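# Working through the structure, step by step
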Amino acid sequence: MIVVCPNCLKKNNLPTDVPISQAQCGQCDKDLWSSTPIHLNDDNFMLFVPNTEVPVFVDFWAEWCGPCKAMAPTFERLAAQYKTIQFAKVNTEEAPRLSQFFQIRSIPSLILFKQTTQLGRVAGAMNAQQLQSWLQQHGVQA
Ligand SMILES: [Zn+2]
């Protein structure tokens, strides 16, 4: 499957029997999966999410948003546990075009992407259990 490197944004063609969490980029040698959320913005989002066949779970947040900050440690912890998808964060203040494009009206907003498809979308902070059951409802297992 096609996996875009979160470091150099080069496309890698990964054999389906190789877990993304154990693969390195052919271009830059860095890991193709990050156990911590990667940071996407107006410049790199469209090069990464639509081109990689790995589902990407994105937290749209802002510095001034209390519930966003409260949820951040939980989101980080779960990012390391879900090794078949990539967790990512978008700072809405640094990504005005993306926020407008995806019509982010309240934050935190969470969107599970599979390339250009939104597999699911939810607004409002969630605890670990709620996040896990939401992901399960959308076909993602830890
Ligand atoms: Zn790379």
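For clarity, every value in this text was computed on a predicted model and none was experimentally measured.

Moving on, we come to the pattern of salt bridges. Between side chains of opposite charge, a pair can form when the charged atoms approach closely. With the rule as written, the count across this model stands at 3 salt bridges. Among the ionic pairs, Arg97 bridges to Asp42, the shortest N-O distance being 3.9 Å. Of the two residues, Arg97 sits in helix α3 (residues 96-101) while Asp42 sits in the loop between β3 (38-40) and α1 (45-48), which places them 55 residues apart along the sequence. Residue classification places Asp42 among the buried residues on the basis of a relative accessible area of 16%.

Moving on, we come to the pairing of strand β7 (residues 117-123). Looking along a regular strand, one sees the side chains alternate between the two faces of the sheet. Pairing between strand β6 (residues 109-114) and β7: 6 bridges, direction antiparallel. Among the inter-strand pairings, Phe113 is bridged to a residue of β7, identified as Gln118. Between β6 and β7, which follow one another and run antiparallel, lie 2 residues, and Gln115 among them has a positive phi close to 55 degrees.

Within the protein, the atoms that donate to the zinc ion are Cys5 (SG), Cys8 (SG), Cys25 (SG) and Cys28 (SG), at distances of 2.3 to 2.4 Å. The site at the zinc ion holds 4 donor atoms, and with the angles between them running 103 to 117 degrees, its shape is tetrahedral. Donor residues binding the zinc ion come from one chain and are separated in sequence as C-x2-C-x16-C-x2-C. Judged by its relative accessible area of 30%, Cys8 is partly exposed.

Each value, and the rule that gives it
Residues numbered from 1 in each chain as written. Predicted model: local features only at pLDDT ≥ 70, side-chain atom pairs only at ≥ 80, totals over all residues. Heavy atoms only, no water. Salt bridge = Lys/Arg side-chain N within 4 Å of Asp/Glu carboxyl O. Helix = DSSP H or I, 4+ residues; strand = E, 2+ residues; numbered from the N terminus. Buried < 20%, exposed > 50% of the residue type's maximum accessible area, 1.4 Å probe, protein only. Pairing = 2+ DSSP bridges. Donors = N, O, S within 2.8 Å, 3.2 Å for Na, K, Ca; no water. Tetrahedral: all angles 85-135°; square planar, octahedral: opposite > 155°, others 65-115°.

Taken by themselves, the reported measurements are silent on function.
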